[in-house]
Amino acid sequence: MRFCDIVRLYEKKCEAADVPAETVLAFLVELTNQERYSLYLHYEDEMPEDLQKTFEEGMKRILNQEPMAHVLGYSWFYGYKFIVNPGVLIPRPETEELCAGILARIDRHFPKGPVSCVDIGTGSGAIAITVSKEEPRVVMDATDISESALETAVKNAEVNEADIHFLSGDMLEPLKKAGKKYDVLISNPPYIPEHEVMETSVVDFEPHVALFGGEDGLKFYRMIFHDCREVLKEKAFMAFEMGWNQREAMSRLVEEILPEMKYEIAADMNGKDRMLYVYRGMEKELE
Ligand code: SAM
Ligand code: GLN
């Protein structure tokens, strides 16, 4: 079969299976890039047999709602390639905006010298590795409670040549135990309320330890807010990803637990509240 015919055929199958039709081209672009084969030059040609076999086997899993990143075994984030598997959350595009926001605030608030950072619940290592690659002054620690996530994060740090110190444990416990203090604390904790109904591709294939944040989704923010003074320097900021509908609850939580700190909630490119920045001993406004 020709590339163009097979694409059309599978786009129809996707529609019938309630999978976004764009997945077909996205998947094929990845497979042909791996073979250094230009899809655009060959679009009207016959698809080589072995490629067609790999493509159809992969599409079978994708049509069954399995994430494309699991079929490929990797995912792209901020231009870096990350190994992913069922033990880690597939890094999301919204989280790239959190990384950009962190880098801008490091420039503004810590313009010179080393900057000590920690990423809590690092998963694939996407945030920790990206921030440390993009800002060489950063000295990065990263934690997770999941040993299988940590294994993948260690591999990702190796392949991306990032120098990260990994710690295992529950939220801030390993940092408190080690007596560590940071300029920047980062976390994209699990924030989905326990009983929320979710897409099959997420709830059946991604680790629940990475998704659910207790009854109201805010359990892990509460834990971090309560303990953060112990691990932050006097002048420091924290950066979090949050759920698009958590603005009010989150504001209340910060004001109640961290009344001496300033904070701001920023929207992502879809206009949804997505990032929370909390400042200790410094002003919040960016120039
Ligand atoms: N940072 C990654 C990212 O942004 O793609 C993964 C974020 S995922 C939403 C949350 C991560 O927190 C998961 O890797 C999960 O294993 C970890 N986690 C869950 N409970 C934890 C706990 N009590 N202490 C530390 N990490 C935890
Ligand atoms: N954004 C992810 C999702 O909707 C959840 C990430 C998280 O809980 N931190 O599946």
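Structure's up top.
Structural notes, computed from the coordinates. (Residues numbered from 1 in each chain as written. Chains lettered and ligands numbered in written order. Predicted model: local features only at pLDDT ≥ 70, side-chain atom pairs only at ≥ 80, totals over all residues. Heavy atoms only, no water.)

A word on the packing of helix α1 (residues 3–17) against helix α3 (residues 49–63)
Interaxial distance between α1 and α3 falls to 11 Å at its minimum, and their mutual angle equals 10 degrees. On the basis of the axis angle, α1 is roughly parallel to α3. Contacts between α1 and α3 involve F3, I6, Y10, K13, C14 and A17 from the former and L51, Q52, F55, E56, M59 and L63 from the latter. Among the residues forming the contact of α1 with α3, the class breakdown is nine nonpolar, one polar and two charged. (Axes fitted to C-alpha atoms, helices over the stretch in contact; angles between N-to-C directions. Helix = DSSP H or I, 4+ residues; strand = E, 2+ residues; numbered from the N terminus. Parallel < 35°, antiparallel > 145°, perpendicular 65-115°, else oblique. Contact = heavy atoms within 4.5 Å. Nonpolar A, V, L, I, M, F, W, Y, C, P; charged D, E, K, R; others polar.)

Some thoughts on the pairing of strand β9 (residues 273–280)
Counting buried residues along β9, eight of its eight residues qualify, which places the element largely inside the surrounding structure. Pairing analysis gives six bridges linking strand β8 (residues 262–267) to β9, with the strands arranged antiparallel. Of the residues in β9, the one forming a bridge with A266 is M275. (Buried < 20%, exposed > 50% of the residue type's maximum accessible area, 1.4 Å probe, protein only. Pairing = 2+ DSSP bridges.)

Section: the packing of aromatic side chains
Enumeration according to the criterion identifies ten aromatic pairs in this entry. Both rings, one in F110 and one in F237, keep their centres 6.3 Å apart while their planes meet at 25 degrees; by these two values the pair is stacked. A residue pair is termed long-range when its members are at least 10 positions apart, and F110 in the loop between α5 (93–109) and β3 (115–120) and F237 in strand β7 (residues 232–241) qualify at 127 residues. Members of the aromatic cluster, connected to one another through ring pairs, are Y10, F27 and F55. If you follow R105 out to its NZ or CZ, it ends over the ring of Y277, 3.6 Å from the centre. If you follow K272 out to its NZ or CZ, it ends over the ring of W244, 5.1 Å from the centre. (Phe/Tyr/Trp six-rings, centres within 6.5 Å; stacked < 30°, edge-to-face > 60°. Lys NZ or Arg CZ within 6 Å of the ring centre and 35° of its normal.)

Description of the sheet that holds β7
Spatial ordering of the open sheet is given by β5-β4-β3-β6-β7-β9-β8, a layout of seven strands whose pairing is mixed. If you trace the sheet from one side to the other, it starts and ends with β5 (164–168) and β8, each paired once. With strand direction ignored, the average angle separating the axes of adjacent strands in the sheet is 20 degrees. In this structure, β3 lies alongside strand β4 (residues 138–144), joined through six bridges in parallel fashion. Looking at β4, one finds that C117 is bridged to M140. Strands β4 and β5 of the sheet are contacted by helix α7 (residues 147–159), whose axis makes an angle of about 175 degrees with β5. Strands β6 (182–187), β7 and β9 of the sheet are contacted by helix α10 (residues 219–227), whose axis makes an angle of about 175 degrees with β7.

Brief notes about unusual backbone geometry
For Q65, which is not a glycine, the phi torsion comes out positive at approximately 80 degrees. Position of Q65 among the secondary structure elements: in the loop between α3 and α4 (68–72). Positioned with a positive phi, E161 is a non-glycine residue whose angle comes to about 50 degrees. Mapped onto the elements of the fold, E161 is located in the loop between α7 and β5.

Examining the environment of E199
On the secondary structure map, E199 appears in the loop between β6 and α9 (200–203). Judged by its relative accessible area of 57%, E199 is exposed. As a C-alpha pair, E199 and S168 span 31 residues in sequence and 30 Å in three-dimensional space.

Observations regarding the side chain of N188
Within the secondary structure, N188 is located in the loop between β6 and α9. For N188, a relative accessible area of 16% translates into the label buried. When near neighbours in sequence (up to four residues on either side) are disregarded, N188 contacts T95, I120, G121, I127 and E241.

Quick notes on the site of ligand 1
The environment of ligand 1 is formed by 19 residues, the closest being G121, D144, D170, M171 and N188. With respect to ligand 1, the side chain of D170 contributes an N or O atom lying 2.6 Å from a nitrogen atom. Taken by itself ligand 1 offers 600 Å² of open surface, and the protein chains cover 97% of this. By residue class, the composition of the shell around ligand 1 is ten nonpolar, seven polar and two charged. (Near = heavy atom within 4 Å. Polar contact = N/O pair within 3.5 Å; in protein donor to acceptor, adjacent residues only side chain to side chain. Areas by Shrake-Rupley, 256 points an atom, 1.4 Å probe, with all protein chains shown as cover.)

Let's talk about the pattern of salt bridges
Under the criterion given, the structure shown has 17 salt bridges. Two residues, R2 and D5, come together in a salt bridge whose shortest N-O distance is 3.0 Å. Since its relative accessible area comes to 31%, R2 is described here as partly exposed. With a relative accessible area of 25%, D5 lands in the partly exposed category. Through salt bridges with shared partners, a single network forms among R2, D5, R8 and E44. (Salt bridge = Lys/Arg side-chain N within 4 Å of Asp/Glu carboxyl O.)

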